[in-house]
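# Architecture and fold: a report
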Amino acid sequence: AALSRSSMADFNTSSDLSTTFYFTGIPGYESLHHWISIPFCIFYLVGIVGNCTILHIVRTDPSLHEPMYYFLAMLSLTDMGMSLPTLVSLLRVLWSISREIEFNTCVIQMFFIHTFSFTESAVLLAMAFDRYVAICHPLRYSTILTPQRIIKIGIAAFLRSSLSIIPLMIRLAYFPFCRSHVLSHSYCLHQDMIRLACADIKFNVIYGLVLITILWGFDSLGILVSYIFILRSVLSIASQKERLKALNTCASHISAVLILYVPMIGLSLVHRFAKHASPLVHVFMAHIYLLVPPVLNPIIYSVKTKQIRTGIIRLFVPLRIHSTWG
């Protein structure tokens, strides 16, 4: 009878664990979590305010109702979509509220993180195409990139990313998790979760690698080809001043591409080839991957794009602008 009760207790414990996972904060610095939360709060605040400001300016300023700025608004939306799902779970861990997350909630969180990550890559490809058309075919710019076509591009980018992720999420639902339920981060990532499964994860590993190779590969190749044509067109311009002006319109986009792809590739390499590295390396790379693009993209576009900079000045210093122009 005692053995039976013990077995039942073990089963209940296993059953509870099968639906509950535990986040990891900053390993080795648990006593400083409250202080560490301050810079994270600042980063999230800067990212949210910056991207919301760009969205507001693009929506309210008629002079910015052009393809380039519509795509910039899409970039801001995907930036927030990629980082906001992690906000609550990260702060719950750092503020010592709770480290637990239910399996279903974890899957939903990782779905949004990975979907918007792939969507942002697709949006950057669309922005590269926008720059290609603007520089190489300026007379056809407004006829090629109509508002209706831009909306279709945005919807296609989201559907491509979300639908391709679904098979991985469905497959996860059938995995038993009988090992440790402690995740490597303060949010859920697919590559982090499958390592805890007590099952054959070959499909998820291969499908994930193929998905990354196809989507990121296609997007990065498209961006590269666009810039080859752009560079060829720019070099044919006689005036050096006009060359620099044309290239300057691409500077913000190139920065956005590097800001997304470098941490993304770095995080993937760490998960694939540095499994035994210090946990701090995994945590550091994961937070860079999710926080750097939303924080830096609005800053870069505000600094490098005159129209956005002017819109921000009008928004925050309306009286000064009014008196200057008056």
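Quick caveat, the model's predicted, so the values are computed rather than measured. (Residues numbered from 1 in each chain as written. Predicted model: local features only at pLDDT ≥ 70, side-chain atom pairs only at ≥ 80, totals over all residues. Heavy atoms only, no water.)

### Notes on the environment of Ile-101
For clarity, the threshold we go by: Working definition: helices are DSSP H or I runs of at least four residues, strands are E runs of at least two. Numbering for both runs from the N terminus. For the exposure calls, accessible area comes from a 1.4 Å probe over protein chains only, and a residue counts as buried if that area is under 20% of its type's maximum, exposed if over 50%, partly exposed in between. Throughout, a contact is declared for two residues whenever any of their heavy atoms are within 4.5 Å.
Following the sequence through the fold, Ile-101 ends up in strand β2 (residues 100-102). The exposure class of Ile-101 is buried, given its relative accessible area of 10%. Measuring from C-alpha to C-alpha, the distance between Ile-101 and Cys-178 comes to 16 Å, with 77 residues separating the pair along the chain. Sequence-distant contacts of Ile-101, that is, excluding residues within four places in its chain, are made with Thr-19, Thr-20, Phe-21, Phe-23, Cys-106, Gln-109 and Cys-188.

### Points about the nonpolar core
Here is the rule: What we call a nonpolar core is a set of buried Ala, Val, Leu, Ile, Met, Phe, Trp, Tyr and Cys residues that are connected through their side-chain atoms within 4.5 Å.
Grouped together as the largest cluster of nonpolar side chains are 72 residues, with contacts concentrated most on Leu-124, Leu-172 and Phe-177. Mapped by element, the contributors of at least two residues to this core are α2 (33-60), α3 (67-94), α4 (103-136), α5 (141-144), α6 (147-172), α8 (202-235), α9 (240-273) and α10 (279-304). Considering each element in turn, this core owes the most residues, 16 residues, to α4. Setting aside residues no more than four positions away along its own chain, Leu-124 makes contact with Leu-75, Ile-223, His-253, Ala-256, Val-257, Leu-260 and Tyr-261.

### Considering the packing of aromatic side chains
Just so we agree on the cut-off: Each Phe, Tyr or Trp ring (for Trp, its six-membered ring) is paired with any other whose centre lies within 6.5 Å, and the angle between the two planes then decides the class: stacked below 30 degrees, edge-to-face above 60, tilted in between.
A full pass over the atoms with the stated rule returns ten aromatic pairs. Judged by centre distance (6.1 Å) and plane angle (35°), the ring pair of Phe-129 and Tyr-132 falls under tilted. Taken together, the residues Phe-129 and Tyr-132, both in helix α4 and three residues apart, mark about one turn of the helix. Overall, Phe-129 belongs to the partly exposed group, its relative accessible area being 34%. Members of the aromatic cluster, joined through ring pairs, are Phe-111, Phe-112, Phe-116 and Phe-158.

### Brief notes about the UniProt feature "transmembrane region" (unreviewed entry) in the chain
Stated formally: UniProt positions are given in the numbering used here, feature names are shortened, and annotations may be inferred rather than shown by experiment.
With numbering aligned to this structure, UniProt lists the feature "transmembrane region" (unreviewed entry) at residues 35-58, 70-95, 107-129, 150-174, 205-230, 251-274 and 280-300. Structurally, residues 70-95 is divided into 96% helix and 0% strand, and its ends, taken at the C-alpha atoms, are 37 Å apart. The span residues 150-174 is 92% helical and 0% strand by assignment, and the distance between its end C-alpha atoms comes to 38 Å.

### Some points on the environment of Leu-124
Relative to the elements of secondary structure, Leu-124 occurs in helix α4. On the basis of relative accessible area, Leu-124 is assigned to the buried category, the value being 0%. In the structure, Leu-124 is positioned 136 residues away from Leu-260 in sequence and 9.3 Å away in space, judged by C-alpha atoms.

### Quick notes on unusual backbone geometry
One non-glycine residue, Ser-96, lies in positive phi territory at about 55°. Within the fold, Ser-96 resides in the loop between α3 and β2.

### A closer look at the confidence of the model for the chain
Condition: Confidence scores per residue from the predictor, reported as pLDDT, run from 0 to 100.
In the predicted model, the chain carries a mean pLDDT of 84, and the fraction of residues at 70 or more is 90%. By mean pLDDT, the top-scoring element of the chain is α6 (94), and the lowest-scoring one is helix α1 (residues 2-19) (42). Contacts from residues 1-17, a stretch scored under 50 in pLDDT, to residues over four places away or in other chains number two contacts.

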